[in-house]
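Descriptive analysis of the structure
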Amino acid sequence: MPVVSPRVYLDHAATTALLPAAREAWLAEAAQVGNASSLHASGRRARRVVEESRESVAADLCVRPSAVVFTSGGTEADNLAIKGLFWSRPDGADRVLASSIEHHAVLDPVAWLEQAQGADVRWLPVDGLGRVSMPALEDQLAAQGTVALVTVMWANNEVGTVQPVADIAALCRAAGVPFHTDAVQALGHVPMDLGVVGADAVTLSSHKIGGPPGVGALILDPRLAPTPVLHGGGQEREVRSGTLDVPGIAGFAAAVTHAVRGQEQRARRLVDLRERLVSGIRATVPEAVLNGDPGTGPDERLPGNVHVSFPGCEGDLLLMLLDAADIDCSTGSACTAGIPEPSHVLLAMGANEGQARSSLRFSLGESTTEADVDAVVAALPGVVSRARRAGSLASRTG
Ligand code: PLP
């Protein structure tokens, strides 16, 4: 039986509950023994589970099974794509093009390539909604033979803006440059036919879609051979070494199937809940500012994302006051929460430091109900006025 929490959980973009189908698949394999690289019957059985999972993930995402490289999650897949493609670049191609609103799992490897490996990094600007500048990308790609790779996330983890990934992929293909996209937040929330989109490398993570944590994949064009980040036994096309996590992979495959089937119907429900939350916030805290794309379409914004700035408040304090009211949310990326820095995403979108510090992200998911949304709307006015009082007190005494 799932544990029923009395708390309101609106942090599904950080992680989301294990789905029954993923749990069942994981448990069935956790009871077995066998290394998928061993030659005996137990090993061959484990290998069969891995290959069936690979075929299932590939069929769900419309790619060939040989394109699926299992990893330990989104962070590893991002590092493999970015470092691996840079290290295996053709001579003279030292430039890396990355959007300025990437998750730290992309941002930091790109910055490391610049500092430690001499990469010539160009950060692509975004507009006020968080959408990457296509003219800037075209300009950079015009310098033929100089670009090693382009990386632009499919959907932003903070403000939920969806990027025109198919258009970016087409530009990169025409320029002969590999295109990587971090689709960790997009999978399960927007339609995802990778056969049509045509990106060369796509990052996925299991725990964001109801699979077990610690597993994910890089969907990698079989013609590409990035230099490995992890050297060892040569599992996964000699691109990624390490004993395969068979239970994790089986659970992940079940979660991908769920993410893809019924996606549109679930997105419609989430959009309705989101609109209920947005209009509730507007009615009770009229000075709140909604960040990101106000559109509701799958090319515009993630269906379950609400990102709001509360002028005059510190986001961290709002988070703690809501926490005390049994409501879980985030100031943005869970991976940087706790470090009181303004959001690099909002700064790139043109916000000032105060705005970039005053925001909260509510990310809705499958278990979210109207009662959850109403609880947040009821709690917010009191929480916001307490945070504002604390802010003005601090500025008077500080
Ligand atoms: N990329 C994005 C956009 C994310 O939101 C996250 C996690 O928050 C990651 C990458 C990292 O994925 P993982 O937790 O599987 O390492």
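Scroll up for the structure.
The sections below set out a description of the structure shown in this document. (Residues numbered from 1 in each chain as written. Predicted model: local features only at pLDDT ≥ 70, side-chain atom pairs only at ≥ 80, totals over all residues. Heavy atoms only, no water.)

1. Considering the sheet that holds strand β12 (residues 359-363)
If you trace the three strands from one edge of the open sheet to the other, you get β9-β10-β12, paired in antiparallel fashion. At either end of the open sheet lies a strand with only one pairing partner, and these are β9 (289-290) and β12. Sitting on the sheet, helix α9 (residues 263-284) touches β9, β10 (305-309) and β12, and the angle it makes with β10 is about 15°. (Pairing = 2+ DSSP bridges. Helix = DSSP H or I, 4+ residues; strand = E, 2+ residues; numbered from the N terminus. Contact = heavy atoms within 4.5 Å. Axes fitted to C-alpha atoms, helices over the stretch in contact; angles between N-to-C directions.)

2. Notes on the pairing of strand β2 (residues 68-71)
Both faces of β2 are covered, namely the face carrying Val68 and Phe70 and the face carrying Val69 and Thr71. Sheet analysis places β2 next to strand β8 (residues 216-220), joined by four bridges and oriented antiparallel. Bridge assignment links threonine 71 to a residue of β8, and that residue is glycine 216. (Buried < 20%, exposed > 50% of the residue type's maximum accessible area, 1.4 Å probe, protein only.)

3. A closer look at the site of the ligand
With respect to spatial proximity, 15 residues lie near the ligand, and among them Thr75, Asp182, Gln185, Ser205 and Lys208 are the closest. For the ligand, an oxygen atom lies 2.8 Å from a polar atom in the backbone of glycine 74. The separation between an oxygen atom of the ligand and a polar side-chain atom of histidine 103 is 3.3 Å. Burial of the ligand by the surrounding chains reaches 89%, relative to a free accessible area of 400 Å². Of the residues forming the shell around the ligand, the biggest block, three residues, is contributed by helix α3 (residues 74-87). Tallied by class, residues from the shell around the ligand come to four nonpolar, eight polar and three charged. (Near = heavy atom within 4 Å. Polar contact = N/O pair within 3.5 Å; in protein donor to acceptor, adjacent residues only side chain to side chain. Areas by Shrake-Rupley, 256 points an atom, 1.4 Å probe, with all protein chains shown as cover. Nonpolar A, V, L, I, M, F, W, Y, C, P; charged D, E, K, R; others polar.)

4. As for the side chain of serine 99
You can see serine 99 is positioned in strand β3 (residues 95-99). The buried category is assigned to serine 99, whose relative accessible area is 1%. A distance of 2.7 Å separates the side chain of serine 99 from the side chain of glutamate 102, its partner in a polar contact. With near-sequence residues (within four places) excluded, serine 99 lies in contact with Trp123, Leu124, Val132, Thr151 and Val152.

5. As for helix α6 (residues 165-175)
Every buried residue of α6 is accounted for by Val165, Ile168, Ala169 and Cys172. The buried residues of α6 all sit within an arc of 100° when viewed along its axis, so they share a single face. Close packing links the buried residues of α6 with α5 (134-141), β5 (147-151), β6 (179-182) and α7 (194-197). Taken from the residues just after α6, glycine 176 is the one with a positive phi, measuring 70°. (Arc of directions from axis to C-beta.)

6. As for unusual backbone geometry
Glycine aside, negative phi is the norm for most residues, and most peptide bonds take the trans geometry. Notably, glutamate 238 is not glycine yet its phi reads approximately 65°, a positive angle. Looking at the element boundaries, glutamate 238 is found in the loop between β8 and α8 (246-260). At aspartate 326, a position not held by glycine, the phi torsion is positive, near 65°. Secondary-structure assignment places aspartate 326 in the loop between α10 (315-324) and β11 (327-328). The partly exposed category is assigned to aspartate 326, whose relative accessible area is 38%.

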